[in-house]
Amino acid sequence: MGDEHYGDDFRMVELDFFFITPFAPSCQVCYLLDNKHFRAAIKYSEAEHVFDKDFIVEMWSNLYHKEYSEGDWHAIPMKLLSTEKLPDSRKCISYFGVDLIVTCLGSFEFTYRGRHKDDPNFKWAKYLGCNGRLEIKRQTDHLTTYVQESKLSKVTHNIYVGNFTAALEAHLNGFDALLNVSNDAPVYAKQLSRPIILKKLPIAFGVDVVIGENMILEAVFWLRAMSDLCSKILIASRDGHGRAGSIMISFIFAMNPNLTFDEAYKFVNDRHFVYPHKGLRESLNRIYIRE
């Protein structure tokens with residue numbers, strides 16, 4: 001880099017990780033859709049030119065979580081929580097944290113890194129390859145409240161997103177069209193006590209499953225047609241978050257050329273808890289090209 005980049009008064013700020021939790025290396029077990037808390041603290045020398053807000057601390061992981069569904073290694077910014085000065089010492093400790101809702105079954109790794117904003121190089125919490133591990137499992141009985149209780153939310157004037165139980169009760173709630181995108185939670189016309197337009201587009205369970213572009217196109221086409229014909233439409237999957245959410249995001253993105261993927265995701269997520277499947281952003285940007 002060179003002195004002209006940092007300025008004549010630049011002094012490298014050394015930091016050390018004071019603690020990390022979950023620890024790396026360690027093996028933690030949690031369950032799908034758990035809200036997992038990650039915390040790190042760094043220690044550094046007190047000085048006039050050093051401020052806690054100038055430190056960048058990140059989690060580094062291949063974990064699938066609500067805000068990232070690609071499954072590759074990526075940086076996850078950690079928020080500054082607090083800072084304290086150590087008694088009888090010219091040292092400070094700053095605490096950082098991030099909470100992540102885990103969205104995929106499997107085994108994933110994580111570690112932590114940090115640097116001062118003027119330092120181009122990160123310091124890692126541990127040496128290369130010394131990572132923590134997260135084992136994400138299903139709840140023991142496979143029947144969480146996400147499935148047992150009817151959960152649904154209105155997203156547009158006549159389209160709702162919901163779970164398997166909401167789909168089974170569609171006829172009781174006045175729906176005249178149902179799009180079931182689960183491959184593991186079938187709904188049959190004979191289960192419903194009154195006529196309803198029923199469409200099945202089975203998508204495999206797991207946020208790491210890439211939804212095919214032909215399936216996205218078929219779902220959007222059907223929803224567009226039903227939106228003109230029906231007064232109340234339900235998009236349903238087992239839990240009502242991943243597969244149903246991804247199709248709802250796709251419809252909003254397709255029907256609103258002025259929206260970016262992030263804006264379409266936020267529009268849906270503000271109304272119903274959803275997370276996109278792997279590759280959805282790339283697929284939608286390829287199918288529905290923005291200027």
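Use the structure listed above.
Summarised in this report is the structure supplied together with it. Just so we're clear, the structure is a prediction, and the values are computed from it rather than from any experiment.

### Structural notes on the side chain of H241
In this structure, H241 sits in the loop between β15 (233–236) and α5 (243–255). Of the polar contacts made by the side chain of H241, one reaches the backbone oxygen of D239; its length is 3.3 Å. Of note is the side chain of H241, whose polar atom sits 2.8 Å from the backbone oxygen of F273.

### Side note on the nonpolar core
The nonpolar side chains of a soluble globular protein tend to be buried with one another. Within the largest apolar cluster, 35 residues are counted, with the highest numbers of intra-cluster contacts made by L179, M248 and I249. In terms of residue count, the dominant contributor to this core is α5 (8 residues). Once residues lying within four places of it in the same chain are set aside, the contact partners of L179 are K199, L201, A219, W222, L223, L234, I235, A236 and I247. The next biggest cluster of nonpolar side chains, apart from the first, holds 34 residues, and it includes A24, M59, V98 and F110.

### Let's talk about the pattern of salt bridges
Summed over all chains, the structure comprises 15 salt bridges. With a closest N to O distance of 3.1 Å, R243 and D184 form a salt bridge. Here the residue R243 occupies a position in helix α5, and D184 occupies one in the loop between β13 (177–182) and β14 (197–203), the gap between them amounting to 59 residues. D184 sits in the partly exposed class, given a relative accessible area of 33%. Of the charged contacts, one joins R286 and E213 as a salt bridge, the two residues approaching to 2.5 Å between their closest N and O atoms. With R286 in helix α7 (residues 280–287) and E213 in helix α4 (residues 213–229), the pair connects residues that are 73 residues apart, well separated along the chain. You can call R286 partly exposed: its relative accessible area is 44%. Ionic contacts of the salt-bridge type, sharing partners, join the residues E213, E282 and R286 into one network.

### Section: α4
Spacing of three or four residues puts side chains on the same side of an α-helix, whose turn is 3.6 residues. Helix length check: α4, at 17 residues, gives a terminal C-alpha distance of 25 Å against a target of 24 Å (1.5 Å per residue), a fit within 8%. Among all positions of α4, only I216, A219, V220, W222, L223, M226 and S227 are buried. Down the axis of α4, the buried set is contained in an arc of 165°. They therefore lie on one face. Exposed and facing more than 90 degrees away from the buried side of α4 are N214, F221, R224, D228 and L229.

About the thresholds
Within any chain, residue numbers begin from 1 and follow the written order of that chain's sequence. Totals for whole chains, interfaces and linings use every residue, but because this is a predicted model, local features are given only for residues with pLDDT of at least 70 and side-chain atom pairs only at 80 or more, for both listing and counting. Hydrogens are left out, water is left out, and the side-chain values use all remaining heavy atoms of the structure. Counting from the N terminus, the helices are DSSP H or I runs at least four residues long and the strands are E runs at least two residues long. Pairs of N or O atoms are called polar contacts if they sit within 3.5 Å, as long as, within protein, a hydrogen donor faces a hydrogen acceptor (for residues adjacent in sequence, only side-chain-to-side-chain pairs). Nine residue types can take part in a nonpolar core, namely buried Ala, Val, Leu, Ile, Met, Phe, Trp, Tyr and Cys, and a core is a set of them joined through side-chain atoms within 4.5 Å. We call a residue buried when its accessible area falls under 20% of the maximum for its residue type, exposed when it is over 50%, and partly exposed in between, using a 1.4 Å probe and counting protein chains only. Every residue pair with non-hydrogen atoms within 4.5 Å of one another is taken to be in contact. In what follows, salt bridge is the name for a side-chain nitrogen of Lys or Arg lying within 4 Å of a carboxyl oxygen of Asp or Glu. Working rule for helices: expected span equals 1.5 Å times residues minus one. It is the directions from the helix axis to the C-beta atoms whose arc is reported.

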